[in-house]
Amino acid sequence: MIFKKIFNYLFIVSMLMLPALGLFKFHQYMDYYEMFILVGTGLTFIWMSNYWQSFKYLVTSVLALSFISIFLYEGNLLSGEERFILKYFLSSQSAIMWMCSLYPLSLLMYWLYLFKKQAFFGNFASQLTWIATAMGFIGLLVRWFESYLISIDVGHIPISNLYEVFVLFCLITALLHLYYEEKMNRKELGAFVLIIITVAVGFILWYTFSKGADAIQPLVPALQSYWMKIHVPANFIGYGAFAIAAMISIAYLLADKGILRSRLPSLIILDDLSYKAIAIGFIFFTIATILGAVWAAEAWGGYWSWDPKETWALIVWLNYAGWLHLRLVKGLRGPMLAWWSVIGLVITTFAFLGVNLFLSGLHSYGEL
C-alpha cells in the first residue's frame, strides 16, 4: 500500500513537472494556446488517474518507453534503422506494428474466453489489449518526435492524416473498452469491441503496405493550428464511443435472439452500457463539432460552409441526438435502439471515411 501511495504522489509530481519542463525548454516554439493545452493535458491526466488507477500505469509506461526511444535516437533519424531496440520495438512504425499484431490476438483470446469461460483467456486478452494500447501510444509519441528529427518545419502532432487518426481511433476505442471492462469486471464484450478495432487494424496494414501511408508528411496549411490538438482527439473519443455502442448493440441483438445469451451480460446491462457509450460519445462529438466550427472560422473565414464533411458531421450529430431523445424523453428501449446504434455506426463511418473517398470539399486533405 505504501508503494502505491508513493507511486501516486510521484505520478502527480511528474504530471506537473513534465509540462513545466516542456515550457521551460520549448516555450519559444509555442503560442499561448499550445502552452495552455500542454498544462491542461498534465492536469487532465492527474484528474483521470484519480478515478482509474490503471490509467496511471499506462501513462507511466508509455512515457518511460517513449523517453527511452528518444534517448536511443540521439538526434539521428537513421538510428531507427540501426539500433536493434528501435528497429524492432520502439521506433514509431515498429511500435504501431506491435499494436497491429496484438489487437487481433487479443480478439482471439476474448472469443476463447467467451466460449470457455476460463479466467486465463480473459486475463490474457485484457493484458494483450493493454500492451497493444501502450505500444500504439508509444508509436504516436515517437512518431511526433521523429517528425521533428526530419525537420523543425515538418514536426507536428501525429493526428493529421487517415493513417494517424486510424491508429488514434484504435487506441481511444480500446481505452474506453478497458475502462468499462475494469469498472464492471466483465470481459465478455471484448469479443465484440475488439472486432471493430481489428477491422481498423486491417485498414492500417493495407494502407501502410499498399500506399506507404506510414511516411511522415509535412502538414498542409489548413492543419497548421493549435485547434487540431483538441478538435481531433475530441472527435475520436466520440467515434470510439459510438463504435463501442454499436458493437455492444450487436451483442444485445444476438442475446435478444437467444444467441450467446448465457455467456453475455443481461440485456439490461447491455442496454445501459450502450446508452452510456452513446451519451459520452455525443458529448465529445458535440464539443468537437463546436471546436471545428471555431477552427473553420479562423482558417476559412466562416463557422459553417456546408462542406460535405460538415454536413455529414451534422447528420451524425442529429442521428445520435434523436437516439438519446427517444431513450431519455420517450423511454424507448430494446432492439429498435440497438439497430439504430448499429446503423449509426454505418452513418458515422461514412462521415469519417466515405466522405473522404467519394466526396470532395474543404476537408480533401483527408483523402486516401
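All of the points below concern the structure found in this document. None of these values were measured; they are calculated from a predicted model.

### Points about the overall build of the protein chain
Within the protein chain one finds 13 helices and zero strands. In the protein chain, the order of α-helices and β-strands from amino to carboxyl end is α-α-α-α-α-α-α-α-α-α-α-α-α. Computed over its C-alpha atoms, the radius of gyration of the protein chain comes to 21 Å, within 12% of the 21 Å expected for a compact globule of 368 residues. When contacts within the protein chain are restricted to residue pairs at least 6 apart in sequence, those whose partners lie at least 24 apart make up 76%. Carbon and sulfur atoms provide 70% of the accessible area of the protein chain, an area that totals close to 17,900 Å².

### Details of the packing of helix H7 (residues 119-150) against helix H8 (residues 162-184)
The geometry of H7 relative to H8 is characterised by a closest axis approach of 10 Å and an angle of 145 degrees between their N-to-C directions. The hand of the H7/H8 crossing is left-handed. Touching Ser126, Thr129, Trp130, Ala132, Thr133, Gly136, Phe137, Leu140 and Arg143 of H7 are Tyr163, Glu164, Val167, Leu168, Leu171, Ala174, Leu175, Leu178, Glu181 and Glu182, all from H8. Partitioning the contact of H7 with H8 into residue classes produces eleven nonpolar, four polar and four charged.

### Here's the deal with the environment of tyrosine 103
With respect to the helices and strands, tyrosine 103 occurs in helix H6 (residues 92-116). Once the C-alpha coordinates of tyrosine 103 and threonine 129 are considered, the two residues, 26 residues apart in sequence, prove to be 6.1 Å apart. Contact partners of tyrosine 103, with chain neighbours within four places excluded, come to Thr129, Ala132, Thr133, Cys170, Leu171, Ala174, Leu194, Ile197, Thr198 and Val201.

### So, the packing of helix H9 (residues 190-211) against helix H10 (residues 228-256)
Running from N to C, H9 and H10 point in directions that differ by 135 degrees, and their axes come no closer than 9 Å. Judged by the angle between their axes, H9 and H10 are oblique. The two elements H9 and H10 meet at a crossing, and its hand is right-handed. Contact residues: Phe192, Val193, Ile195 and Ile196 in H9; Ala243, Ile244, Met247, Ile250, Ala251 and Leu254 in H10. The residue inventory of the contact of H9 with H10, partitioned by class, reads ten nonpolar, no polar and no charged.

### Section: the pattern of salt bridges
Taken as a whole, this structure holds nine salt bridges when the rule is applied. For glutamate 34, the salt bridge identified is with lysine 229, shortest N-O distance 3.1 Å. With glutamate 34 in helix H2 (residues 32-51) and lysine 229 in helix H10, this pair connects stretches of sequence that are 195 residues apart. Of the charged contacts in the structure, one is a salt bridge between aspartate 271 and arginine 327, with a shortest N-O distance of 2.4 Å. Within this pair, whereas aspartate 271 is found in helix H11 (residues 267-300), its partner arginine 327 is found in helix H12 (residues 308-328), the two being separated by 56 residues in sequence. The class for arginine 327 is buried, based on a relative accessible area of 7%.

### So, the packing of aromatic side chains
Counted according to the given criterion, the structure contains 31 aromatic pairs. Plain terms: the ring middles of tyrosine 33 and tyrosine 226 are 4.3 Å apart, the flat faces sit at 10 degrees to each other, and that makes the pair stacked. In this pair, tyrosine 33 sits in helix H2 while tyrosine 226 sits in the loop between H9 and H10, placing the two residues 193 residues apart along the sequence. The class for tyrosine 226 is buried, based on a relative accessible area of 11%. Aromatic pair phenylalanine 45 and phenylalanine 55: ring centres 5.4 Å apart, planes at 80 degrees, arrangement edge-to-face. Here phenylalanine 55 lies in helix H3 (residues 53-73) and phenylalanine 45 lies in helix H2, a separation of ten residues in the sequence. Of the residues examined, phenylalanine 55 reaches a relative accessible area of 4% and is grouped as buried. Each member of the aromatic cluster is reached from another via a ring pair, and the members are Phe166, Phe203, Trp206, Tyr207, Phe236, Tyr239, Phe242, Phe285, Tyr320 and Phe352.

### Structural notes on helix H1 (residues 2-26)
Taking 1.5 Å of rise per residue, 25 residues should cover 36 Å, and H1 covers 36 Å from first to last C-alpha, within 8% of that figure. Those residues of H1 that sit buried are Asn8, Phe11, Met15, Pro19 and Gly22. Those residues of H1 hidden inside the fold are in contact with H2 and H3.

### Considering the side chain of glutamate 146
Here glutamate 146 lies in helix H7. An unpaired buried charge is present at glutamate 146: no salt bridge exists, and arginine 143, the closest side chain of opposite charge, is 5.8 Å distant. Only 2.6 Å separates the side chain of glutamate 146 from the side chain of serine 92, close enough to count as a polar contact. What glutamate 146 contacts, discounting residues up to four positions off in sequence, is Tyr73, Leu77, Ser91, Ser92 and Ile216.

Calculation notes
Residues numbered from 1 in each chain as written. Predicted model: local features only at pLDDT ≥ 70, side-chain atom pairs only at ≥ 80, totals over all residues. Heavy atoms only, no water. Helix = DSSP H or I, 4+ residues; strand = E, 2+ residues; numbered from the N terminus. Rg over C-alpha atoms; globule rule 2.2 N^0.38 Å. Contact = heavy atoms within 4.5 Å. Areas by Shrake-Rupley, 256 points an atom, 1.4 Å probe, with all protein chains shown as cover. Axes fitted to C-alpha atoms, helices over the stretch in contact; angles between N-to-C directions. Left-handed = near helix turned anticlockwise from the far one by under 90°. Nonpolar A, V, L, I, M, F, W, Y, C, P; charged D, E, K, R; others polar. Parallel < 35°, antiparallel > 145°, perpendicular 65-115°, else oblique. Salt bridge = Lys/Arg side-chain N within 4 Å of Asp/Glu carboxyl O. Buried < 20%, exposed > 50% of the residue type's maximum accessible area, 1.4 Å probe, protein only. Phe/Tyr/Trp six-rings, centres within 6.5 Å; stacked < 30°, edge-to-face > 60°. Expected span 1.5 Å × (residues − 1). Lys, Arg positive; Asp, Glu negative; His and termini not counted. Polar contact = N/O pair within 3.5 Å; in protein donor to acceptor, adjacent residues only side chain to side chain.

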